[in-house]
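One letter stands for each residue in the lines below.
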Amino acid sequence: MKIMNKLGLLGKRLDYSLSKVIHEEIYKENNLNLNYELIEKNEDELVSFFKELKVHYSGINVTIPYKEKVLKYLDYLDDKAKELGNVNTICVKNDKLYGYNTDYIGFKLALEYYKIEVLNKNVLILGTGGASKTAFHVLKDMGAKNILFVSRNKKGTNVISYLNVRKHEYDLVINATPVGTKGDDSSPLTKEALANKVVFDMVYNPLQTPFLKLANSYNNGLIMLIYQAYFADCLFLDKKLKLDLDKILKKVGAILE
């Protein structure tokens, strides 16, 4: 059996990330002497990194823009990852790479935490990347009535442009784009488009993004981030761990304030 080695998060730009803090709080809560690192790589470095991964890591998480691009390096996908077409968790087992998606359960539990009604609602998902696909499957499984993607570039039967948003009926808006992440003061939709709508922003840094400010809401992605991290750690360690959600929220909230 492989001795537990390095764990971390793979992405392109990670200066905004709080994953290291969250994972290490989970390890501390469970009396585990483990470290979690941030791994910034350009796309042209992925081939060499994935060779290194099998040797030096026991598992990693994956964030934008690599959740779909890493699929070709994996030996196995679990059923949920196959269904969603993207992964955020990779475990190294017997020199094989196993891909999972814990964003699904993280997003579902976050909607439940904020008591966001989905059943029979008309929903807009902003963006068409891996995060938006995960959101679509969760919302569909929770009984959303109608779901439309909003995109600047892509077209399709269930894809509309940002210019046409207000021509449609919708109750709930999910921001599955990185717009509004720390350092970006823009919002993907206007205040008028968000008036009287329930919203959820997958972005968590800052806690109240420009998008959330316009909607007068605090339904951010921090809860989703914590839950997906927790379930990823359970996969890395192959056991159920303890989670003190309030303690982590307090710790991370203090950093973001």
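Whatever comes next refers back to the structure up there.
Report on the accompanying structure. Given the structure is predicted, the values throughout are model-derived calculations rather than measurements.

1. Notes on the overall build of the chain
Secondary structure assignment for the chain yields nine helices and 11 strands. Judged by the C-alpha coordinates and their principal axes, the chain covers about 55 × 40 × 35 Å. For the chain, the proportion of its 257 residues judged to be buried stands at 53%. In the chain, of all internal contacts separated by at least 6 residues, the share reaching a separation of at least 24 is 64%. Of the roughly 12800 Å² of accessible surface on the chain, a fraction of 48% belongs to carbon and sulfur atoms.

2. Describing the sheet that holds strand S8 (residues 146-150)
One open sheet holds the five strands; their spatial order is S9-S8-S7-S10-S11, and the pairing between them is parallel. Where the open sheet ends on each side, the last strands, each with one partner, are strand S9 (159-160) and strand S11 (198-201). Strand direction decides the pairing type here: strand S7 (residues 122-126) and S8, joined by five bridges, are parallel. Note that in S8 the partner of Val123 across the bridge is Ile147.

3. Concerning the sheet that holds strand S5 (residues 89-93)
Strand order in the open sheet formed by six strands is S2-S1-S3-S5-S6-S4, and the pairing between neighbours is mixed. Of all the strands in the sheet, the pair left with one neighbour each is strand S2 (36-40) and strand S4 (76-77). Strand direction decides the pairing type here: S5 and strand S6 (residues 96-100), joined by five bridges, are antiparallel. Along S6, the bridge assignment pairs Val92 with Leu97.

4. Observations regarding the packing of aromatic side chains
Throughout the structure, instances matching the rule amount to 10 aromatic pairs. Counting every residue linked through ring pairs, the aromatic cluster contains Phe49, Phe50, Tyr57 and Tyr73. Directly above the aromatic system of Tyr98 lies the positively charged group of Lys93, at a separation of 5.0 Å from the ring centroid. Over the face of the ring belonging to Tyr162 we find Arg152, whose NZ or CZ atom lies 4.5 Å from the ring centre.

5. So, the side chain of Thr181
Along the polypeptide, Thr181 turns up in the loop between strand S10 (172-175) and helix H6 (191-194). A relative accessible area of 11% places Thr181 in the buried class. Discounting chain neighbours no more than four positions away, the residues touching Thr181 are Tyr16, Val203, Asn205 and Pro206.

6. Here's the deal with helix H8 (residues 222-237)
Between its terminal C-alpha atoms H8 stretches 23 Å, which fits the 22 Å expected from 16 residues at 1.5 Å a residue. Burial analysis of H8 places 14 of its 16 residues in the buried class, the great majority of the element. Just beyond H8, the residue with positive phi is Asp238, at close to 55°.

7. Details of the nonpolar core
As a rule of thumb, soluble globular proteins bury nonpolar side chains together. Within the largest apolar cluster, 54 residues are counted, with the highest numbers of intra-cluster contacts made by Ile22, Phe107, Leu139, Ile174, Phe200 and Met202. Here this core gets 12 residues from one element, more than from any other, and that element is H8. In this view, Ile22 contacts Leu222, Leu225, Ile226, Ala229, Ile248 and Val252; residues no more than four positions away in its chain are not counted. With 19 residues, the next largest nonpolar core counts Leu10, Ile39, Leu53 and Tyr73 among its residues.

8. Looking at helix H4 (residues 103-113)
In an α-helix, one turn spans 3.6 residues, which is why side chains three or four residues apart end up on the same side. Buried within H4 we find Asp103, Tyr104, Gly106, Phe107, Leu109, Ala110 and Leu111. Contact partners of the buried residues in H4: helix H3 (79-84), helix H5 (130-141), S10, S11 and H8. Following H4 by one or two positions, Lys115 adopts a phi angle in the positive range, close to 55°.

9. Quick notes on the environment of Arg13
As for its position among the elements, Arg13 is in the loop between strand S1 (6-11) and helix H1 (19-29). When sequence neighbours within four positions are dropped, the list of residues in contact with Arg13 reads Glu40 and Lys182. Among the polar contacts made by the side chain of Arg13, one reaches the side chain of Asp15 at a distance of 2.6 Å. Among the polar contacts made by the side chain of Arg13, one reaches the main-chain carbonyl oxygen of Lys182 at a distance of 3.2 Å.

10. As for the pattern of salt bridges
Counting across every chain of the model gives 12 salt bridges. Between Lys140 and Asp141 there is a salt bridge, with its nearest N and O atoms 3.9 Å apart. Given a relative accessible area of 40%, Lys140 falls into the partly exposed group. The partly exposed category is assigned to Asp141, whose relative accessible area is 42%. A single network of salt bridges, built from pairs that share partners, joins Glu25, Lys28 and Lys251.

Conventions and cut-offs
Residues numbered from 1 in each chain as written. Predicted model: local features only at pLDDT ≥ 70, side-chain atom pairs only at ≥ 80, totals over all residues. Heavy atoms only, no water. Helix = DSSP H or I, 4+ residues; strand = E, 2+ residues; numbered from the N terminus. Buried < 20%, exposed > 50% of the residue type's maximum accessible area, 1.4 Å probe, protein only. Contact = heavy atoms within 4.5 Å. Areas by Shrake-Rupley, 256 points an atom, 1.4 Å probe, with all protein chains shown as cover. Pairing = 2+ DSSP bridges. Phe/Tyr/Trp six-rings, centres within 6.5 Å; stacked < 30°, edge-to-face > 60°. Lys NZ or Arg CZ within 6 Å of the ring centre and 35° of its normal. Expected span 1.5 Å × (residues − 1). Core = buried A, V, L, I, M, F, W, Y, C linked by side-chain atoms within 4.5 Å. Polar contact = N/O pair within 3.5 Å; in protein donor to acceptor, adjacent residues only side chain to side chain. Salt bridge = Lys/Arg side-chain N within 4 Å of Asp/Glu carboxyl O.

Such coordinate-based values are descriptive only and should not be taken to indicate function.
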